[in-house]
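# Structure at a glance
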Amino acid sequence: EVFDVMVVGSCMTDLVSQAVRLPKPGETIHGHKFFIGFGGKGANQCVQAARLGAKTMMVGKVGKDFFGDNYIQNFKDSGVHTDFVGQTSEAATGAASIVVNDAGENAIVIVAGANMLLGSEELQEALPAISHAKVLVCQLEINPQTSLQALRMAQESKVKTIFNPSPAIPDLDPDFYRVSDVFCCNESEAELLTGSSVANVEEAYQASQELLKRGCGSVIITLGSQGCVVLKAQEFTPKHIPTAAVTAVDTTGAGDSFIGALAFYMAHYSTMPLEEMACRANHVAGVSVKVVGTQTSFPFKKHLPAELFSEQHISSN
Ligand code: RIB
Ligand code: NA
């Protein structure tokens, strides 16, 4: 069986409170809404790819608990293959405490729990599937060495790789760059990795050039309402791909929606220019920002304009 998109990554239960603003240290404030949702960057990216029509498989670990049982059911409901989503009694299902303010901004604390117990053994079992996939996607909410090993396995089998260094760590193993066909991060992650400010398109251009030098295939830096910057290996000039203005209700998981969409396009339209894929992924992520929640806000193919699935290019680049 050949999968379009395989994700080796995290599953988290999102515990979300909406409040006018984010609390300060030591402060208690009233929020106006609380809900529990399915999150975790890996799972989010996988579910977004599935909603666009990709045949997807998740490799991950949840706890042998109520949240873990529910999470596996959520994958099944989303059409994601779960043969390699294990359950452990050694740790609890990962959890994310999230506060979202009225501007749609958030603050998140994650406790990775079971996610950290995903290791080489599980990767070996999944290797036949990984080596036949079209695209493999990894992030940093599991043990980084597990992500690196998965990316290496994919590269050895000529499977296209997307690496999302999120949440960013300052001492990222330099091998991550060499195993990434597309290295995709947001402005704050780019800042942490390069040590320079990434507050506008011009600075994102510079950061993309610095990241590309470290050995990845292409670099994408997402810039929220400003769209993203794309720099391809064969080219020396980065391109700015703007996105349509939207009123942000909840930006949680917008980056995951972007990456899930990118993975879908890389698998289904392998000859499409990266700028065109990024332009379409901007659009998909823009839809997610207008709706509350993480996976709950990710759009399905049937609710998106047909031009996002056509062979005709919509980007002006
Ligand atoms: O990127 C958004 C995700 O980050 C949330 O779903 C939360 O689980 C955290 O992992
Ligand atoms: Na959202």
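Scroll up a little and you will see the structure.
Cut-offs used in this document
- Residues numbered from 1 in each chain as written.
- Chains lettered and ligands numbered in written order.
- Predicted model: local features only at pLDDT ≥ 70, side-chain atom pairs only at ≥ 80, totals over all residues.
- Heavy atoms only, no water.
- Helix = DSSP H or I, 4+ residues; strand = E, 2+ residues; numbered from the N terminus.
- Buried < 20%, exposed > 50% of the residue type's maximum accessible area, 1.4 Å probe, protein only.
- Polar contact = N/O pair within 3.5 Å; in protein donor to acceptor, adjacent residues only side chain to side chain.
- Donors = N, O, S within 2.8 Å, 3.2 Å for Na, K, Ca; no water.
- Contact = heavy atoms within 4.5 Å.
- Pairing = 2+ DSSP bridges.
- Axes fitted to C-alpha atoms, helices over the stretch in contact; angles between N-to-C directions.
- Salt bridge = Lys/Arg side-chain N within 4 Å of Asp/Glu carboxyl O.

### Thoughts on the side chain of T252
Position of T252 relative to the elements: it lies in the loop between β13 (239-241) and α8 (254-268). When its relative accessible area of 4% is taken as the criterion, T252 is described as buried. Among the polar contacts made by the side chain of T252, one reaches the side chain of N106 at a distance of 3.1 Å. A distance of 2.6 Å separates the side chain of T252 from the side chain of D250, its partner in a polar contact.

### Some remarks on the coordination of the sodium ion (ligand 2)
Reference values for angles at a metal are 109.5 degrees in the four-donor tetrahedral case and 90 or 180 degrees in the six-donor octahedral case. Each protein donor to the sodium ion (ligand 2) is listed here as D250 (O), S288 (O), V291 (O), G293 (O) and S297 (OG); together their distances run 2.5 to 2.7 Å. Here the donor residues of the sodium ion (ligand 2) are spaced in sequence according to D-x37-S-x2-V-x1-G-x3-S. Judged by relative accessible area, S288 falls into the buried class, the value being 0%.

### Let's talk about the environment of S97
By the element assignment, S97 lies in strand β6 (residues 94-100). Taking relative accessible area as the criterion, S97 reaches 41% and is therefore assigned partly exposed. Put simply, S97 and V109 are 12 residues apart on the chain and 5.3 Å apart in space, counted from C-alpha to C-alpha. Residues within four places of S97 in sequence aside, it is in contact with L15, A107, I108 and V109.

### Some details on the sheet that holds strand β5 (residues 81-88)
Pairing between the strands of a sheet comes from backbone hydrogen bonds, and it takes one of two forms, parallel or antiparallel. Strand order in the open sheet formed by 9 strands is β5-β4-β1-β8-β9-β10-β11-β12-β13, with mixed pairing between adjacent strands. The sheet is open, and its two edges are formed by β5 and β13, each paired on a single side. In this sheet, adjacent strand axes meet at a mean angle of 20° when their direction is disregarded. Relative to strand β4 (residues 56-63), strand β1 (residues 5-8) runs parallel, the two being bridged by 4 bridges. The partner of M6 across the bridge, within β4, is M57. Taken strand by strand, helix α6 (residues 187-194) contacts β10 (182-186) and β11 (218-222), and its axis lies near 110° from that of β10. Packed onto the sheet, helix α9 (residues 274-289) meets β10, β11, β12 (228-232) and β13 and runs at close to 160° relative to β12.

### Comments concerning the pattern of salt bridges
Within the structure shown, the criterion is met by 13 salt bridges. Its salt-bridge partner being E27, residue R21 comes within 2.6 Å of it at the nearest N-O pair. Note on R21: relative accessible area 37%, which makes it partly exposed. The partner of K239 in a salt bridge is E235, with the nearest N and O atoms 3.6 Å apart.

Without other data, these values stay purely geometric and don't point to any function.
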